[in-house]
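Observations on the model geometry
Single-letter residue listing:
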Amino acid sequence: MTKQETILDKMQKIDRRILYWVLFIGLMIPFVSPLGLPVAVTPSTVDLYKELTKVKTGEVIIINLAFGVSAWSECLPATVASTKLLFKQGAKIIFLGVHYDVDLTWAKIKDQVPAFKTLTYGKNYVYLGFYTGGEATVARLATSIRTVFPTDADKKSLDEIEMMKNVNVAKDIKLVLSSDTGDWCDYYIRQWRVPYGTPVGEIGIAMLGSSYMPHYQAGILFGMTVGVRGGAELEKLIGELGEATVTMDSINISHVMAIVAIGLANLGYAATVKRGGK
Amino acid sequence: MAYPTALLDVIGLWTAWLMMMLSYSYPLWKENHGFRFAEFTFVSTMLAINLIVAISNVMRVAITPMTKGEWSYIIPIVLGFAMYTMLFSRYRWISRYPVAILVGIGFGLGMRGVLIPSVLTQVIATITPPKVGDPMSWLNFAYIAIGTICSVMYFLLTYEHKGVLRYPTRLGRWIIMIGLGAYFGNTILFRFSMLAGRAQFFLQVLKIIPL
Amino acid sequence: MSTLLKREVVYLITGVVAVTMFIDFFFFPKGWDVASTLQTWAMIIGNIALGLGAVRLLLFYGKQVQKRTVGVWHYSVWLIVYFFICLITGLAGYITLGHQDKNPIYYWNFTNVYTPLGQALYAMTGFYIFSAAYRAFRARNIDAALLLIAGCFTLLTNAPIGEVIWVQIPVIGRWFLDIGQVPGMRTFMIAGAFGLLAYGFRALLGKEKGFYAEVGGQ
């Protein structure tokens, strides 16, 4: 005798393509009709912001672009916001990256930070380009930037670049901001923070917000932003709302949909268990 | 950024849109030739970019400094190219030498650097009581201290969790689940934000929202 | 002699290089030239080895074409052809203009083909995690229930809409994110560190042959 299927049973068997379409369309709606909900700022982002506001004019910062084009939505907004803030502080920034599409990321950052139009390359900022070799390279970078980067990305010798004249080792760097999707912050912690005491901050994907929370709580990291939400928080703190804030509306809808999906799944499961199934 | 007007830029924008839709034709519809075409196109461009960046970086970091006087670089350059003997079964053993250096340095750097931030500092942070005296801080401190001890017991103790070990390890397991739950929540934020970026791009190319 | 060169000497090099890093860290606070030189060598070797993956994959797809593997070989032909188009245009830009991005065809391909494909393919996992949430995330027992509760509060805390639904959601969710997850994540960190140390000691002593097995064929 066949069991009559309830609506919950039918919902368990729904074609996954319907779910995908519902999600894709759901993500689009807030871009057309924004909700505009305010974003509360978390302590880790506040600490990152406070540390960056302590940077003095002329101090040299490294921003490690360890994210590719696929993670732009997560890491780029916070990186852009940090860059804007650091330029306001008068800092000199060294940009370098570990993905082979770092040139595109660099172009995007230049496009989104208006300060680049008024600042001078070589005097206020420098782009060193791509580097690889993992932790060994990060360790070597701490003892000799010129060995890892004999020239900048445009093949100009570092000795000819004004802001790099007295900058070659970890002690010449005020702090490191690692914007990454994986292990690169760990390398900077192990090879810069521990041996030389260079402060390290993290601008990472959301998952790294969990992985690096113990480091932040223990004081190893001076601050961190968590994914696109961290980007929205940093935009709010610097007073210039941008892409992350726009994306948060879409995140609102998608997260509610995820909760509804989990709720329905468990409802169906509970009903099945009640009827004596598995 | 304004919507492009130059023909090549407009073609580029629509090509990007098409590539995205071909990729999504698989989850949103079914496996098809368009998706396979997009997939293989991505792999081919990725390989080419990888190789070009590798060549330009080797020139910048190794070959050019060597020609300018750093003659000692010839050793790692030869070792680096020795890695390619991996492709020939008869000479594959030669590639063990550069791998040995990479493995030795990887472990050396990792092992020397991991103790302080990942063990010592974490233990100190776990057992350090709060400076502020409010009850919530003390409760959190107790949770973290007891939770970390129990979780480490669950994770590291390899003998059977019975008798006096049963309850602490069970508690440790629950606390690990809480950690994994938060990680799961953050994972969803990560995945959805990437997809939201693509949804935004979809609308921007169709001029439903500004670029 | 053959075994000595293919095995023992290799393990010795691994051990000596690793010990050099330790000596540098503990006895030379200002840095040791020997260790710095080895790090430079590793950096150069890593850079040169970057192309190895690309070469291997090309050989793989070349074999698919050779074997006429059904359902794959046509695409493999396209892959190899398009690879050479990208490679030639990129190298032309690098050699003649100083940087590969200066070649307009290469740059157009990089921004309008590679970038959107990369973004789209990585973002596709969002679909799968959504369907997984719908089908698989069930509170079958206490462990799963705890995971789901923590996960749901985290989700609604990361999204500002959580506060609109219930004012206490961000408060509870913040606790999960700032305090609740710390013991678990700290455990993974400590266990991972011990694992690295144990694995590293095995590699130093030549007990860990996994790195060389495929390389040496034994």
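Residues numbered from 1 in each chain as written. Chains lettered and ligands numbered in written order. Predicted model: local features only at pLDDT ≥ 70, side-chain atom pairs only at ≥ 80, totals over all residues. Heavy atoms only, no water.

**Some remarks on the interface of chain B and chain A**
Each partner contributes to the interface: chain B provides 46 residues, whereas chain A provides 53 residues. Of the roughly 4100 Å² buried at the junction of chain B and chain A (both faces included), carbon and sulfur atoms supply 71%. For the interface between chain B and chain A, the tally reads zero salt bridges. Applying the counting criterion to the chain B and chain A interface returns 12 residue pairs in polar contact (both at pLDDT 80 or more). Residue assignment for the side of chain B that touches chain A shows that the elements contributing at least two residues are α1 (7–28), α2 (33–67), α4 (96–127) and α6 (166–205) of chain B. (Contact = heavy atoms within 4.5 Å. Buried area = accessible area lost by both parts, 1.4 Å probe. Salt bridge = Lys/Arg side-chain N within 4 Å of Asp/Glu carboxyl O. Polar contact = N/O pair within 3.5 Å; in protein donor to acceptor, adjacent residues only side chain to side chain. Helix = DSSP H or I, 4+ residues; strand = E, 2+ residues; numbered from the N terminus.)

**Brief notes about unusual backbone geometry**
For residues that are not glycine, phi is negative in most cases, and the peptide bond is trans in most cases. Phi at A:K155 takes a positive value of approximately 65 degrees, unusual for a residue other than glycine. Looking at where A:K155 falls in the secondary structure, it is placed in the loop between α7 (145–148) and β4 (175–180). The partly exposed category is assigned to A:K155, whose relative accessible area is 43%. In this model, C:R68 sits at a positive phi of 55 degrees, which is unusual for a non-glycine residue. Mapping C:R68 onto the fold places it in the loop between α2 (33–67) and α3 (73–97). (Buried < 20%, exposed > 50% of the residue type's maximum accessible area, 1.4 Å probe, protein only.)

**Points about the domain arrangement of chain B**
Residues and elements named next belong to chain B. The domain architecture assigned to chain B consists of domain 1 (1–69), domain 2 (71–124) and domain 3 (129–211). Domain 1 and domain 2 are separated by 30 Å when their C-alpha centres are compared. Every contact between the two is made by seven residues of domain 1 and, on the other side, four residues of domain 2. For the pairing of domain 1 and domain 2, the buried interface totals around 540 Å² over both sides, and the portion due to carbon and sulfur atoms is 79%. It is A62, M66 and G69 in domain 1 that bury the most area against domain 2; as a group they hold 70% of the surface buried on that side. Joining domain 1 to domain 2, the criterion identifies zero salt bridges. (Domains from an automatic or database assignment.)

**Quick word on the side chain of A:R190**
Relative to the helices and strands, A:R190 is located in helix α8 (residues 184–196). Within the structure, the side chain of A:R190 is placed 2.8 Å from the side chain of A:E135, a separation counted as a polar contact. Contacts of A:R190, omitting those with residues within four sequence positions, involve A:E135, A:P195, B:G110, B:G113, B:V114 and B:P117.

**Quick notes on the interface of chain B and chain C**
Where the parts come together, the accessible area they lose is often given as the size of the interface. Of the residues lining the interface, 110 residues belong to chain B; the matching set on chain C comes to 112 residues. For chain B, the biggest contributors to the area lost against chain C are B:R96, B:M111 and B:R112; these three give 8% of the whole. At the junction of chain B and chain C, the tally comes to two salt bridges. Between the two partners, chain B and chain C, sit 20 residue pairs in polar contact (both at pLDDT 80 or more). Elements with a minimum of two residues in the side of chain B that touches chain C: α1, α2, α3 (74–82), α4, α5 (135–156) and α6 of chain B. Ranked by residue count, the leading element in the side of chain B that touches chain C is α2(B), at 27 residues. Taken together, the residues of the side of chain B that touches chain C break down into 75 nonpolar, 28 polar and seven charged. (Nonpolar A, V, L, I, M, F, W, Y, C, P; charged D, E, K, R; others polar.)

**Some points on the pattern of salt bridges**
Tallied over the entire structure, the rule returns 12 salt bridges over all chains. Of the charged contacts, one joins C:D143 and B:R173 as a salt bridge, the two residues approaching to 2.6 Å between their closest N and O atoms. Of the two residues, C:D143 is situated in helix α6 (residues 142–158) and B:R173 in helix α6; the pairing between them involves two chains. According to the relative accessible area criterion, C:D143 is buried, its value standing at 11%. Across the pair C:D178 and C:R174 runs a salt bridge whose closest N-O atoms are separated by 3.2 Å. Of the two residues, C:D178 and C:R174 both sit in helix α8 (residues 169–180), four residues apart, roughly one turn of that helix.

**Some words on the nonpolar core**
A:I94, A:F95, A:W192 and B:Y24 are the most contacted members of the largest nonpolar core, which totals 212 residues. For A:I94, the contacting residues outside a window of four places in its chain are A:V60, A:I61, A:I62, A:I63, A:V126, A:L128, A:M163, A:M164, A:V167 and A:I173. (Core = buried A, V, L, I, M, F, W, Y, C linked by side-chain atoms within 4.5 Å.)

**Overview of the confidence of the model for chain B**
Regions with low pLDDT carry predicted coordinates that are not meant to be interpreted in detail. Confidence along chain B averages 93 in pLDDT terms, with 100% of residues attaining 70 or more. Overall fold confidence (pTM) sits at 0.93, and the ipTM for the predicted complex is 0.90. (pLDDT = per-residue confidence, 0-100.)

**Here's the deal with the state of the cysteines**
In this structure the tally under the stated criterion is zero disulfides over all chains. Unpaired in this structure, A:C185 has its nearest cysteine sulfur neighbour in A:C75, at a distance of 11 Å. (Disulfide = S-S within 2.5 Å.)

**Overview of the pairing of β4(A)**
All names here are of chain A. With six of six residues buried, β4 lies mostly within the body of the structure. Judged by which residues are buried, β4 turns out to be covered on both faces: L175, L177 and S179 on one side and V176, S178 and D180 on the other are all buried. Taken together, the six bridges between strand β1 (residues 60–66) and β4 define a ladder with parallel strand orientation. Bridge pairing in β4 links I61 to L175. Relative to strand β5 (residues 200–204), β4 runs parallel, the two sharing five bridges. From the neighbouring strand, S178 faces β5, where its bridge partner is E202. Crossover β4 to β5 through α8 is right-handed. (Pairing = 2+ DSSP bridges. Right-handed = clockwise from strand over helix to strand, strands pointing away.)

**Topic: α6(C)**
Between its terminal C-alpha atoms α6(C) stretches 24 Å, which fits the 24 Å expected from 17 residues at 1.5 Å a residue. Where α6(C) is concerned, the buried positions are C:D143, C:A144, C:L147, C:L148, C:A150, C:G151, C:T154, C:L155, C:L156, C:T157 and C:N158. The inward-facing, buried residues of α6(C) abut α11 (227–238) and α12 (243–274) of chain A, α6 of chain B together with α7 (161–165) and α8 of chain C. (Expected span 1.5 Å × (residues − 1).)

**With respect to the environment of A:I62**
Residue and element names in this part refer to chain A. If you trace the backbone, I62 turns up in strand β1. For the pair I62 and I94, spaced 32 residues apart in sequence, the C-alpha to C-alpha distance is 4.7 Å. In this structure, I62 is in contact with I94, L96, I173, L175, V176, L177 and W192, ignoring residues within four places of it in sequence.

**Things to note about the pairing of strand β2 (residues 92–97) of chain A**
Residue and element names in this part refer to chain A. Most of β2 sits out of view: five of its six residues are buried. In this sheet, β2 lies alongside β1 in parallel orientation, the contact comprising six bridges. What sits directly across from I61, in β2, is I93. One crossover worth recording links β1 to the parallel β2 by way of helix α4 (residues 72–88), and it is right-handed. One ladder, built from five bridges, connects β2 with strand β3 (residues 125–130); its direction is parallel.

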